[in-house]
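Listed below, chain by chain, are the residues.
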Amino acid sequence: MSQPKFPASNEQKVEYALLDWLDVAGWDTYGGPEEPEGCTQLDAMYGRDDKSEVVYWELLREQLIALNEPVTSHNVDDVITSLRRDFAGDSLMETNRAVQQLLQKGRQVTLSKSDGTSETVVVDLIDHETPENNSLIAANQFRVRQHELVIPDVVLLVNGIPLVVTELKSLTQDSTVTDAIEDIHGYEEDAPRLFAPVLFNVAADHERARYGAVDAPETHYNPWQPEEPVGSPSELKEMAHSLLTPGTLLDILKHFVFYQRQPGGDAKIIPRHMQYYGTRAILHRVSRGQFENGLIWHTQGSGKSFTMFFTARNLLYRPEIIKTPQVLILVDRQNLRDQMADDLGKLIGFEHYEVVTDGADQLQSLIEEGQSQVIVTTIQLFQNVDEGVQENDETVVLSDEAHRFMEAKLGSKLDSALYQYHHFGFTGTPVNENTEAGRNTFRHYSEPQDEDGYLHHYSMEAGIEDDVILPVHFELRHGNRDWEIDDDVMDQAHEVATGDLDYEERDKLIRETINQQTLAELRPRVESITEEIVDHYRSKLAPSGWKGMVVTPSRKAAALYGEELQKHLDPEEVEVVISSTGRSDPITRTYHTSKSERERIVEEFKDEDGDPKILVVCSMLLTGFDAPILKTIYLDRPLTNHNLLQAIARTNRPADGKQNGEIIDFAGVFAEGNVEEALSYYPEHVQAAAAEDIDELLDRFDRKLDEAIEVFNEIDIDDDPETVVECLTFLRKNAEARRRFKDLYREVENLYDTLAPMGELEDEDTGRPQKYSWLNQIHLAYQRSMNRDSEPEKRLREKTKEIVENNVYVDTDWLDKEFKVVELGPEHLERVRDMEPEQGITEVAGAADEYLDDRAESHPRYRRLSERVRDVVERWESDEVSSDRAYEELLELEEEILSVDSEAEERGLSPAGHALFTALMDDGEDGFTDYIEDEDEAESIAKRVDEELQERVDTDYDDWRTSKRTRDDIQELLLEVVAIEAGKPELCKDDRFLEDAREYLVENHQSA
């Protein structure tokens, strides 16, 4: 599709660019800068005059005949009739799941034959094997009306069925990908029927692109990183050439969709890019027919369990890859087995699996039976499985936490039971002990062709960039390095033994002979560190509702910390999670917990509103523990390598309002030079991504704060209120400055949210409070004047609002007075008449845009007025007209906008009749003035249609606007009044008139 030029509207630029990219990716595209809207063309081609229909049934009819030999022109209506019922469910997720089955597996129907007999066949709606055999269309402006009218920007249709809905925004128009997601959520509420067949949605601006399953919250809209990028800075272009290619789209539709039972209702699960490509890499290796291994190194928090599930599902149900596989999912602890089993049990329709709960005998029986199914078990059970019991020679093993396969001869026990199998290890923390006898995940799982040692890798840096996990920051407290020895707390015997040594010699001896565990069990030290923990928790975590975990080197140390913390906090807020093992001293026995007690404590900790608020642990909960509410680990244990990464991963899980995880280091792990040693297994990029010094965040905050203020370097910054107006005028007229200001403010705000509890932000000597307050003043005024947000301060997260209010001064009284958000109307017109031109332009344009946003789509006069408002603003922004002139023109336009309703009253027309009248009098491309003699004739026709509309159209039932009866009644009255009474048959022969008039009447009709 040729795209010689773009129109003035920046949002349309994104829309047309996407169509251009999709054309290259293999789609037939409709819509562009020099042609009618795509779906208007398709509506005419395939006779879709009912906007409540979401499928181009005539196109699907053609494709059903082309793709299915038993389907002919004689019996295709039998199929269409069945499908219409299938697509018409009321429940969004239930209907989507039912239609998903049809798209994957086809529709079973009984077809009549020409000889009078019938046969039952499965009819394919889509050819998944050969995508080019399908009708592949991308079109813009797809109008659908159910409860309300929705118009997504671009829709991808396969055989006339919408599979992808996209909503596009432009940063230069103050809209972002977040706004696009919000619009999609609105579409799902207003027209759920559209989303019955949809695989996923895409939301994008001209920089970022996100995709999410139907009914997914914003947090589950993810970026897509292609394996072979085209090298574009636009994420949307990269997505168009990878995720949105017909082959990838239909592969995901057929093989990568789950529905999961969740407390709030069923959810649709589609793969993230690392899950998709990781699964495909395994499938490719298995399909080679050789018994090979492979390492899947995906950072913690990236959804390795679902990568396993996608892999298992494809192995079980795709005989072209492997015919009848037995798939073993191995974990290293019972609680992980139970969690894996629970997750599998929530997947609707995933039935071919067994969970080993009765020990090695059950596991051995399942292996001997050799059925093609998934078996979930712990690897430890193989210690008691007989040798050579494997019966299925198509066995695939998926090992979670792959390094555990190498422990305690577990690998050799697995090899004894299974004589040949494919083995794929999954880990976020591979082990690389570079000794002859050491554990080495890469050596155990890598094949010669794996140059970097892994089959597929998704890094911690990529996870942070994709917002899959959060960055983790550390604060070094030197809990052991700066510990001063106090004679009063040393044991008397030790005093006698070292009494002849001076202080420095004794201190050196202690540091050489006392290990970390001994030091951590010194009560005076525990008391001192506990005071720091309590102070940090109360000042930084409690105000924002986050929770903490204390990690200690021994069970006794955990008990000591628990006892001391319970002295300072409510005892119910602190729980110690340690098991009973062998002989213990009295204080340790006090905190022993059983397995069931530990499970209860963990579940209660995950509840963001309940107790406990702090967990104290030794070795437990550092792996497989997923609690997004946990923000801070108080580390008093010298962890290294994969154990340290596992601890870091406990704090990096995203949650609403959580900007980062945090390690408060009392063990000196993050001291200068120690990180490299602690993470010696891993390359520099892993060490750099693991955690960042919190002091570096302060430097970044200062840098970004200054950059945000420098956006206004052409303006003399001061506290004068007129300066705020000057800054807003500058932003309104400079799209690049506007985009940069919004991006930088977002970064500064996020950093402030992270650092707010630190005293440095409150120190006026640094200039930070003054600068941040000024920036907030500009941002709040911007939100009120341009985004029409009456109370933008309420947008702050509840957990941080109090912190901001206590530390940032903004003159909200002045903002309320000068930037009060008033809806367009007589009060607004009176208010803006006395404004300075620059402020008045922004105020009138913003209010007019808000007022006309919905009205312009369904009323020709409002549409023209909206275009004129936009034209004035664009001429002012490009300095074609002065501020005074633009202000004067906008005031005149506001008066004209407000006169539309009164004009309808003066002519004796309802809103619906007036909309039709203005369409008849419109001399533009969308109008029909060529058919009309004069204004009186147009008014006469509109009045008669108005009368018949009130008399003949029943509006006393739900969804009357989308019913076929309404459509037929309106078309009949239009033909009678316009063609017969008014003698305008040529006007009714214009299909565009009948369709547009019907829309105007329906959209603007107000029941009596």
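**Q** So what about the overall build of the protein chain? Which residues, and what values?
**A** Secondary structure summary: the protein chain contains 40 helices and 26 strands in total. Split into buried and exposed, the 1008 residues of the protein chain put 56% on the buried side. When contacts within the protein chain are restricted to residue pairs at least 6 apart in sequence, long-range pairs at least 24 apart make up 70% of them. Working note: accessible area of the protein chain is about 43500 Å², and carbon and sulfur atoms make up 42% of it.

**Q** Let's hear about the side chain of Glu 238: which residues, and what values?
**A** Relative to the assigned elements, Glu 238 resides in helix H7 (residues 235-240). Summary of buried charges: Glu 238 has no salt-bridge partner, and the nearest side chain of opposite charge, Lys 237, is 7.8 Å away. Setting aside its immediate chain neighbours within four residues, Glu 238 contacts Pro 226, Pro 229, Val 230, Gly 231 and Ser 232.

**Q** Can you lay out the sheet that holds strand S22 (residues 574-577) for me, pointing to particular residues and giving the numbers?
**A** Spatial ordering of the open sheet is given by S22-S23-S21-S24-S25-S20-S26, a layout of seven strands whose pairing is parallel. Single-partner strands in this sheet number two, and they are S22 and strand S26 (692-693). Bridging between strand S20 (residues 472-476) and strand S25 (residues 661-665) involves five bridges; their strand directions are parallel. Along S25, the bridge assignment pairs Glu 475 with Ile 664. Against the sheet, helix H23 (residues 641-651) contacts S20, strand S24 (630-635) and S25, and its axis sits at roughly 145 degrees relative to S24.

**Q** Explain the pattern of salt bridges to me, using residue names and the numbers behind them.
**A** Tallied over the full model, the rule gives 65 salt bridges. Salt-bridge contacts for Asp 706 lead to Lys 771; the nearest nitrogen and oxygen are separated by 2.9 Å. With Asp 706 in helix H26 (residues 694-710) and Lys 771 in helix H29 (residues 768-785), the pair connects residues that are 65 residues apart, well separated along the chain. Overall, the relative accessible area of 30% leaves Asp 706 in the partly exposed class. The closest approach of N and O atoms between Glu 947 and Arg 944, which form a salt bridge, is 2.8 Å. Here Glu 947 pairs with Arg 944, and both are found in helix H37 (residues 935-952), just three residues apart, close to one helical turn. By relative accessible area, Arg 944 is classed as partly exposed at 23%.

**Q** Pulling in residues and values, what's your account of a negative patch on the surface?
**A** Together, Glu 354, Asp 361, Glu 368, Glu 369, Asp 386, Glu 387 and Glu 391 line one region of the surface with negative charge. Top element by residues in the negative patch is helix H12 (residues 360-369). It accounts for three residues. Within the secondary structure, Glu 368 is located in helix H12. Overall, Glu 368 belongs to the partly exposed group, its relative accessible area being 37%.

**Q** Can you explain unusual backbone geometry? Please cite residues and give values.
**A** Pro 612 follows Asp 611 through a cis peptide bond whose omega is 5 degrees. Here Pro 612 is to be found in the loop between helix H22 (595-606) and strand S23 (614-617). Even without a glycine there, the phi angle at Gln 141 is positive, about 60 degrees. Mapped onto the fold, Gln 141 is located in the loop between strand S4 (136-140) and strand S5 (144-145).

**Q** Go over the confidence of the model for the protein chain, please, and point to the residues and values.
**A** Averaged over the protein chain, the pLDDT score is 84; the fraction of residues at 70 or greater is 87%. Contacts for the low-pLDDT stretch residues 479-494, under 50 throughout, to residues beyond four places or in other chains number 30 contacts.

**Q** Please provide a residue-by-residue account of the layout of surface pockets, values included.
**A** Empty space within the second largest pocket amounts to approximately 480 Å³. Together, 20 residues line the second largest pocket, and Gln 101, Gln 104, Lys 105, Arg 313 and Tyr 317 are the ones closest to its centre. Every element with two or more residues in the lining of the second largest pocket is listed here: helix H5 (92-105), helix H8 (246-255), strand S11 (258-260) and helix H10 (304-317). Ranked by residue count, the leading element in the lining of the second largest pocket is H5, at five residues. Residue composition of the lining of the second largest pocket, by class: seven nonpolar, six polar and seven charged.

**Q** Tell me about the packing of helix H27 (residues 721-733) against helix H28 (residues 735-755), and name the residues and values.
**A** Two elements in contact, H27 and H28, have axes whose closest approach is 5 Å; the angle formed by their N-to-C orientations is 110 degrees. The angle between the axes of H27 and H28 places the two elements in the roughly perpendicular class. From H27, Phe 730, Leu 731, Arg 732 and Lys 733 reach across to H28, where they touch Ala 735, Ala 737, Arg 738 and Phe 741.

**Q** Account for the sheet that holds strand S19 (residues 456-458), with residues named and values stated.
**A** Spatially, S15-S16-S14-S17-S18-S13-S19 is the arrangement adopted by the seven strands of the open sheet, whose pairing is parallel. Two strands lie at the open edges of the sheet, namely strand S15 (353-355) and S19, each paired on one side alone. Taken over all neighbouring pairs, the strand axes of this sheet differ in orientation by 15 degrees on average, direction set aside. The pairing of S15 with strand S16 (residues 374-378) spans three bridges and is parallel. When the sheet's bridge partners are listed, Tyr 353 is paired in S16 with Val 374. Docked against the sheet, H10 engages strand S13 (293-298), strand S14 (326-331), S16, strand S17 (395-400) and strand S18 (422-427), running at close to 175 degrees with respect to S17.

Analysis parameters
Residues numbered from 1 in each chain as written. Predicted model: local features only at pLDDT ≥ 70, side-chain atom pairs only at ≥ 80, totals over all residues. Heavy atoms only, no water. Helix = DSSP H or I, 4+ residues; strand = E, 2+ residues; numbered from the N terminus. Buried < 20%, exposed > 50% of the residue type's maximum accessible area, 1.4 Å probe, protein only. Contact = heavy atoms within 4.5 Å. Areas by Shrake-Rupley, 256 points an atom, 1.4 Å probe, with all protein chains shown as cover. Lys, Arg positive; Asp, Glu negative; His and termini not counted. Salt bridge = Lys/Arg side-chain N within 4 Å of Asp/Glu carboxyl O. Pairing = 2+ DSSP bridges. Axes fitted to C-alpha atoms, helices over the stretch in contact; angles between N-to-C directions. Patch = residues over 30% accessible without salt bridge, like charges linked within 9 Å, V, L, I, M, F, W, Y side chains within 5 Å. Charge placed at Lys NZ, Arg CZ, Asp CG, Glu CD. pLDDT = per-residue confidence, 0-100. 1 Å grid on protein atoms, 1.4 Å probe; cavity = no way out; pocket = protein on both sides within 12 Å on 5 of 7 lines; lining within 4 Å. Points joined across faces, edges and corners; volume = space filled by probe spheres on them. Nonpolar A, V, L, I, M, F, W, Y, C, P; charged D, E, K, R; others polar. Parallel < 35°, antiparallel > 145°, perpendicular 65-115°, else oblique.

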